[in-house]
Amino acid sequence: MAPRTAGHIDRRFAAEDATAALDAKPGSAERLDALWETPHTWLAWLTTVDHKALGIRYIVTACVFLVLGGLEAAVMRLQLARPEAHLLSPEAYNRLFTMHGTTMMFLFIQPVLSGFSFYLTPLLIGARELAFPRLNTFSYYVFLLAGVFLYAAFIIGQAPDAGWFNYTPLASLPFDTGHNIDFYAIGLLFLGVATTVGSINLVVTILRLRAPGMSLDRMPLFLWSSLTTSVAVIASMPALTVALLFLELERRWHFVFLDPRWGGTPLLWQHLFWVFGHPWVYIVFLPATGMLSMIIPVFSRRPMVGHNIVALATVATGLAGFGVWVHHMFVTGIPQVSVGFFSAGSMIVSIPSAVQIAAWFTTMWYGRVVFQTPMLFALGFILQFVIGGISGVMTAVVPFDWQAHDTYFVVAHLHYVLAGGSLFAMFAAIYYWFPKMTGRLLNERLGRVSFWVMFAGFNLAFFPMHIAGLLGMARRVYTYLPGLGLDGVNLASTIGAVVFIGGTVLTLVNLLQSLHHGAASGRDPWHANTLEWSIVSPPEPFNFAQIPIVSSREPLWDGGVAAGPTLDQGRFTLLTTPLDAHPDGVVELPGQNVWPLIISLTLLGLCTALLVRSPLGIAAGAVTSIIAAARWMWPVHLRTLETDA
Ligand code: HEM
Ligand SMILES: [Cu+2]
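Here we summarise the structure given alongside this text. No experiment lies behind these values; they were computed from the predicted model shown.

### Thoughts on the packing of helix α9 (residues 266-300) against helix α14 (residues 408-438)
Any two packed helices are characterised by how steeply their axes cross, that is the angle between the axes, and by the distance between the axes.
Moving on, step 1. Look at α9 against α14: their axes get within 9 Å of each other, and the N-to-C directions meet at 45°. Regarding the angle of α9 to α14, the classification is oblique. By crossing handedness, the relation of α9 to α14 is classed as left-handed. Facing α9, whose interface residues are V284, A288, M291, L292, M294, I295, V298 and F299, α14 presents L418, S422, A425, A428, A429, Y432 and W433.
Moving on, step 2. Of the residues contributing to the contact of α9 with α14, the split by class is 14 nonpolar, one polar and no charged.

Next comes the structure, spelled out in structure tokens:
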């Protein structure tokens, strides 16, 4: 990389004194502690509203699902290592690849990324909490219980088996008579509640609780992706909800939406699913790019080049994601005109991503790059993502897609984008923010080894799949014939997968070890630029003793964090205007109570009753849920104060 000019680094050190102003004044710290700390009882631990505790729980829970999804992948790869292997029956393979895709897409990537958003957002914007703290507790439990519900299907031997996309008529009653598909449909309806309310929480938090002075154009880029993503979730979930409702109504109560014998059409499922599903692909990948836009400037030691353009590109990607769902349906016989239109659209979608990548490289070029572990994972992300982007543009070309459709080429593409993209970004984020969350550094040497093993394993696992696909290996099949030239690539792939999984285990070891034995990190081990690094690690229950006042985009590099109001007379945080973050009032946020937990349990009861078709159970679940909701929402006389702070 080219040598950089001085300036940013020097300003960075000037910032140390400025941040000290944010420490608590004597006396007010105890008051704030008493107001914000979660009491030390079991019930309080279970029902906490602390966004930091819940964010970490989200991340840990999602990683448990990652382990389950990874085990499923490992078993599939063992089955595919040799031709005509008999480790798995075709039925078992269908269940595994369905649960693997469903787990990775719905129970791992999206939740882990929102976990980071729930943890980081208030810290990044100088607020004390999310806008709706109890809603956060509720969405965590719904996520957890929906995951348990989906996995319970394995216990009774009826796991979903029609793919994470669940195409009809495969998923319709005549072809799938057990409970398998009902687990999928009801489980995802339940999970959708968590995803939707979590997104609403983030949108309101980002738009109304930013510290004074943090106008939209000074907002960190991770928040731009978090905001875009949350809006996209709110806009796309209804399509999935409708699709799932149609399916269940048809399977259970003989409504007709999808069955052509009675005038329905199976293609309706595909449209609804991909109207949701394609934006979802961006929903899981935009936060990852947002994390990179936080990490790359810090390890390049200079502000992000083209900050505004990257923010715009993020929003553009989110919007464009809604216009290209048909590229998943090129071979379904839809009219030629639409095929041409959506093919062009899909290629255009790659432009904002290219802009982002260009901005990252320019930032590195004009910076002085420090290759610590978070930066290595960030670079791994970019490389893998570019390869996935190229194979994506290839499949957007219709004649090519006709050839590659339903072959391993697509499996290679989707793993480069999804697994390469999101996993490497998540690891970068873990190495980067672990010190903030725990006050300890991860082991740098073990981190690097873990990166290189993962990087090698990943490419050995997924690159050969391109070749297998071009040679004609079909996806979603449990085995293949010998002598087709597929044996070598598949064996390589399986070895790669094992190496890759081994690399992730090294980071797991690193995490467990460093949690208790890692070196103390101090508040800002990376000499970073954003607000979360101005406070102690791990942060106090109240985050900021005094609400910071922001006057630049890189507050810690520009020495510009001034101390604002203390607000220690209640569970207060400052309300500001959506665009330019002028103080607009003070809100009092509710503390914990047990009802968000109870209602998530009654909803689980309702889902189970739907599954086993017990009218009495359905009635009981509905009534208790309504009572619990009413109890939760019961007015508690919160105050909203005017302020001239
Ligand atoms: C250890 C790493 C992984 C391995 C070895 C692996 C392997 C596989 C295999 C063998 C399949 C079945 C392909 C088929 O039969 O057509 C599959 C499908 C899938 N994987 Fe992974 N996977 C890994 C990680 C991930 C991750 C991290 C994600 C997402 C974040 C993911 C998302 C998916 C999806 C969505 C499908 C379904 C594809 C379809 O619709 O056919 N995988 N994976
Ligand atoms: Cu798509």
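After presenting the structure, the write-up continues.
### Focus: the nonpolar core
Moving on, step 1. In terms of nonpolar packing, the biggest core is built from 178 residues, with F116 and W433 touching the most fellow members.
Moving on, step 2. For this core, the element with the most residues is α14, which contributes 20 residues.

### Considering the coordination of the iron atom of ligand 1
Think of it this way: four donors in a tetrahedron around the metal ideally sit 109.5 degrees apart, and six in an octahedron ideally sit 90 or 180 degrees apart.
Moving on, step 1. Donor atoms from the polypeptide that coordinate the iron atom of ligand 1 comprise H100 (NE2) and H415 (NE2), at 2.0 Å from the metal.
Moving on, step 2. Each of the six donor atoms around the iron atom of ligand 1 contributes to a set of angles spanning 87 to 179°, which defines the coordination as octahedral. On the criterion of sequence distance, the pair formed by H100 in helix α5 (residues 90-125) and H415 in helix α14 is long-range, its members being 315 residues apart. Exposure class is identical for H100 and H415. Each is buried.

### Some words on the environment of I430
Moving on, step 1. On the secondary structure map, I430 appears in helix α14.
Moving on, step 2. Sequence separation between I430 and I59 is 371 residues; the distance between their C-alpha atoms is 9.7 Å.
Moving on, step 3. Contacts of I430, omitting those with residues within four sequence positions, involve F116, L442 and L511.

### Let's talk about the coordination of the copper ion (ligand 2)
Moving on, step 1. Coordination of the copper ion (ligand 2) by the protein involves H278 (ND1), H327 (NE2) and H328 (NE2), with metal-donor separations of 1.6 to 2.0 Å.
Moving on, step 2. All donors of the copper ion (ligand 2) come from a single chain, and their spacing in sequence reads H-x48-H-H.
Moving on, step 3. Note on H327: relative accessible area 18%, which makes it buried.
Moving on, step 4. Exposure remark for H328: the relative accessible area of 23% places this residue in the partly exposed category.

### Focus: the pattern of salt bridges
Moving on, step 1. Applying the stated criterion across every chain yields a total of 10 salt bridges.
Moving on, step 2. In this structure, the salt-bridge partner of D50 is K52, at a minimum N-O distance of 3.4 Å.
Moving on, step 3. By relative accessible area, which is 14% here, D50 ends up buried.
Moving on, step 4. On the accessibility criterion, K52 (7% relative accessible area) is buried.
Moving on, step 5. One salt bridge in this structure joins D406 and R476, with 3.3 Å as the shortest N-O distance. One end of the pair, D406, is in the loop between α13 (398-404) and α14; the other, R476, is in the loop between α15 (444-470) and α16 (487-517), and 70 residues separate them in sequence.
Moving on, step 6. The class for R476 is partly exposed, based on a relative accessible area of 26%.
Moving on, step 7. Residues participating in the shared-partner salt-bridge network are D182, E248, R251 and R252.

### Concerning the packing of aromatic side chains
Moving on, step 1. Taken as a whole and judged by the stated rule, the model has 51 aromatic pairs.
Moving on, step 2. Judged by centre distance (6.1 Å) and plane angle (75°), the ring pair of W360 and F381 falls under edge-to-face. Here the residue W360 occupies a position in helix α11 (residues 336-365), and F381 occupies one in helix α12 (residues 373-396), the gap between them amounting to 21 residues.
Moving on, step 3. Residue class for F381 comes out buried when judged on its relative accessible area of 0%.
Moving on, step 4. Between the aromatic rings of F400 and F409, the centroid separation amounts to 5.1 Å while the plane-to-plane angle is 70°, which identifies the pairing as edge-to-face.
Moving on, step 5. Given the relative accessible area of 22%, F400 is considered partly exposed.
Moving on, step 6. Given a relative accessible area of 3%, F409 falls into the buried group.
Moving on, step 7. Through pairs of rings, three or more aromatic residues link up here, namely F377, Y416, F424, F427, Y431, F451, W452, F455, F458, F462 and F500.
Moving on, step 8. Between the NZ or CZ atom of R57 and the centre of the ring of W45, over which it lies, the distance is 4.1 Å.

### Observations concerning a nonpolar patch on the surface
Moving on, step 1. Residues W42, L43, W45 and L46 make up a contiguous nonpolar surface patch of roughly 500 Å² in combined accessible area.
Moving on, step 2. Mapped onto the elements of the fold, L46 is located in helix α3 (residues 42-47).
Moving on, step 3. Judged by relative accessible area, which is 32%, L46 ranks as partly exposed.

### Some words on the site of ligand 1
Moving on, step 1. Close to ligand 1 lie 24 residues; Y93, H100, I109, H415 and R476 are nearest.
Moving on, step 2. Y93 is positioned with one of its side-chain polar atoms (N or O) 2.6 Å from an oxygen atom of ligand 1.
Moving on, step 3. Contact between ligand 1 and Y408: an oxygen atom at 3.3 Å from a side-chain N or O atom of the residue.
Moving on, step 4. Sorting the residues of the shell around ligand 1 by element identifies α4 (51-80), α5, α14 and α16 as the ones contributing at least two each.
Moving on, step 5. Here the shell around ligand 1 takes seven residues from α14, the largest share from any one element.
Moving on, step 6. Among the residues making up the shell around ligand 1, the classes are represented as 17 nonpolar, four polar and three charged.

Cut-off values and rules
- Residues numbered from 1 in each chain as written.
- Chains lettered and ligands numbered in written order.
- Predicted model: local features only at pLDDT ≥ 70, side-chain atom pairs only at ≥ 80, totals over all residues.
- Heavy atoms only, no water.
- Axes fitted to C-alpha atoms, helices over the stretch in contact; angles between N-to-C directions.
- Helix = DSSP H or I, 4+ residues; strand = E, 2+ residues; numbered from the N terminus.
- Parallel < 35°, antiparallel > 145°, perpendicular 65-115°, else oblique.
- Left-handed = near helix turned anticlockwise from the far one by under 90°.
- Contact = heavy atoms within 4.5 Å.
- Nonpolar A, V, L, I, M, F, W, Y, C, P; charged D, E, K, R; others polar.
- Core = buried A, V, L, I, M, F, W, Y, C linked by side-chain atoms within 4.5 Å.
- Buried < 20%, exposed > 50% of the residue type's maximum accessible area, 1.4 Å probe, protein only.
- Donors = N, O, S within 2.8 Å, 3.2 Å for Na, K, Ca; no water.
- Tetrahedral: all angles 85-135°; square planar, octahedral: opposite > 155°, others 65-115°.
- Salt bridge = Lys/Arg side-chain N within 4 Å of Asp/Glu carboxyl O.
- Phe/Tyr/Trp six-rings, centres within 6.5 Å; stacked < 30°, edge-to-face > 60°.
- Lys NZ or Arg CZ within 6 Å of the ring centre and 35° of its normal.
- Patch = residues over 30% accessible without salt bridge, like charges linked within 9 Å, V, L, I, M, F, W, Y side chains within 5 Å.
- Areas by Shrake-Rupley, 256 points an atom, 1.4 Å probe, with all protein chains shown as cover.
- Near = heavy atom within 4 Å.
- Polar contact = N/O pair within 3.5 Å; in protein donor to acceptor, adjacent residues only side chain to side chain.

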